[in-house]
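# Tertiary structure, described
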There are 2 protein chains.
Amino acid sequence: MTSYFKSIDTLASFSDDRAFKADLFVSGKLFVGLNCFQPGQSQKVHAHSESDKFYLVLSGKARMVVGDETQEVGGGTVVWAPADVPHGVPEALEPTVMLVAMAPPPRNISLPAAP
Amino acid sequence: MTSYFKSIDTLASFSDDRAFKADLFVSGKLFVGLNCFQPGQSQKVHAHSESDKFYLVLSGKARMVVGDETQEVGGGTVVWAPADVPHGVPEALEPTVMLVAMAPPPRNISLPAAP
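What this report covers is the structure whose coordinates are included nearby. Keep in mind the model is a prediction, meaning the values are calculated, not measured.

### Notes on the relation of the copies chain A and chain B
What relates the pair of chain copies is a rotation about an axis plus a shift along that axis. Of the transformation superimposing chain A on chain B, the axial component is 0.0 Å and the angular component is 180°, with the fit at an RMSD of 0.0 Å. Here the copies are linked by what is in effect a two-fold axis. It is A103(A) whose C-alpha, among those of chain A, lies nearest the rotation axis, at 3.2 Å. A share of 100% of interface residues in chain A that are also interface residues in chain B marks the association as one of identical surfaces.

Following this line, the structure appears as structure tokens:
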């Protein structure tokens, strides 16, 4: 049975091979998921042509970039990445968990429909 | 100067009069903000006809409802509230901070444009 409630603690995970991603919920309008980085792992700077996005750093520390701003961020930082603005995670400095949300969703996400 | 980075710690606040809200970022597609509750405060169960929404409980404890599900939730719980599904916070049990995101945004939000 699908639920409207999900726990990040049970869904966050780390991989030594690459940054770990988990998809939590998705609809035609909105996606929410997790990005988890081991120290040294990164997310290439990229841009979405149609979607606005934000990250919320939940724990850890990472160097993040949006447009011409670069900051070392930790838990409690919200990072806004509007459509067409390059953004990414050049380097995680600690094991780092981020919530990420995007509207409209990326096209390659397919989850069971929310209940 | 507007920044792509904002700290929740500096924006979260509590009011004795009513639940506190802060708007972090908004675009035509996506809104992200904070809802902060003192114990005993609530958010009336309501529905959005066009927008999907989620909450992420960051700290505290609250009783939340979506559709026919009610749960007592704490930090790290993501709560999905699709368009047309009634949802709300019948009662905060501790001082509780939630991130909330909605796509498309509520109509009454007007923030300075993101940079």
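### Focus on the environment of V89(A)
All names here are of chain A. When you line up the elements, V89 lands in strand 9 (residues 87-92). Along the backbone, V89 and E72 are 17 residues apart, and their C-alpha atoms lie at a distance of 9.8 Å. When near neighbours in sequence (up to four residues on either side) are disregarded, V89 contacts F37, S42, Q43, A62, R63, M64 and M98.

### Some details on the sheet that holds strand 10 (residues 96-103) of chain B
Sheet architecture is open: 6 strands sit in the order 1(A)-8(B)-5(B)-10(B)-3(B)-2(B), paired in antiparallel fashion. Each end of this open sheet is capped by a strand with a single partner; those strands are strand 1 (5-7) of chain A together with strand 2 (20-26) of chain B. On average, each strand axis in the sheet is inclined to that of its neighbour by 20°, with strand direction left out of account. Pairing analysis gives 6 bridges linking strand 2 of chain B to strand 3 (residues 31-37) of chain B, with the strands arranged antiparallel. Each bridged residue has a counterpart across the sheet, and for D23(B) the counterpart in strand 3 of chain B is G33(B).

### Here's the deal with the pattern of salt bridges
Between side chains of opposite charge, a pair can form as their charged atoms come close. Residues and elements named next belong to chain A. Summed over the entire model, instances satisfying the criterion amount to 4 salt bridges over all chains. A salt bridge links E50 to R107; the nearest nitrogen and oxygen atoms lie 3.3 Å apart. Residue E50 is found in the loop between strand 4 (43-46) and strand 5 (52-59), and its partner R107 is found in the segment after strand 10 (96-103); the two are separated by 57 residues along the sequence. Of the charged contacts, one joins E91 and R63 as a salt bridge, the two residues approaching to 3.4 Å between their closest N and O atoms. Note that E91 is positioned in strand 9 and R63 in strand 6 (residues 61-66), a separation of 28 residues in sequence. Assessed through its relative accessible area of 28%, R63 is described here as partly exposed.

### Digging into the packing of aromatic side chains
The tally for this structure, following the rule as stated, stands at 2 aromatic pairs over all chains. Taken together, a centroid distance of 5.2 Å and an interplanar angle of 10° make the contact between F25(A) and W80(B) stacked. Residue F25(A) is found in strand 2 (residues 20-26), and its partner W80(B) is found in strand 8 (residues 77-81); the two belong to separate chains. Per residue, the accessibility class of F25(A) equals that of W80(B), and both read buried.

Each value, and the rule that gives it
Throughout, residues of each chain are indexed from 1 in the direction in which the sequence is written. Chain labels run from A onward and ligand labels from 1 onward, assigned in the order the entries are written. It should be noted that, the model being predicted, local features are given only for residues of pLDDT at least 70 and side-chain atom pairs only at 80 or more, the latter also being counted only at that level, while totals for whole chains, interfaces and linings use all residues. Side-chain metrics in this entry use all non-hydrogen atoms of the structure; hydrogen atoms and water are not considered. Least-squares fitting of one copy onto the other uses the C-alpha atoms of those residues that reach a pLDDT of at least 70 in both copies. A contact between two residues is defined here by any heavy atoms of the two lying within 4.5 Å. Numbering goes from the N terminus for both helices and strands, where a helix is a DSSP run of H or I of at least four residues and a strand is a run of E of at least two. When DSSP finds two or more bridges between two strands, those strands count as paired. Throughout, an axis means a line fitted to C-alpha atoms (over the contacting stretch in the case of helices), and angles, computed between N-to-C directions, take values from 0 to 180 degrees. Any carboxyl oxygen of Asp or Glu within 4 Å of a side-chain nitrogen of Lys or Arg constitutes a salt bridge here. The buried label goes to any residue with under 20% of its type's maximum accessible area, the exposed label to any with over 50%, and the partly exposed label to all in between, with areas taken from a 1.4 Å probe on protein chains only. Whether two aromatic rings pair depends on their centres lying within 6.5 Å, for rings of Phe, Tyr and Trp, where Trp uses its six-membered ring; planes under 30 degrees apart make the pair stacked, over 60 edge-to-face, and the rest tilted.

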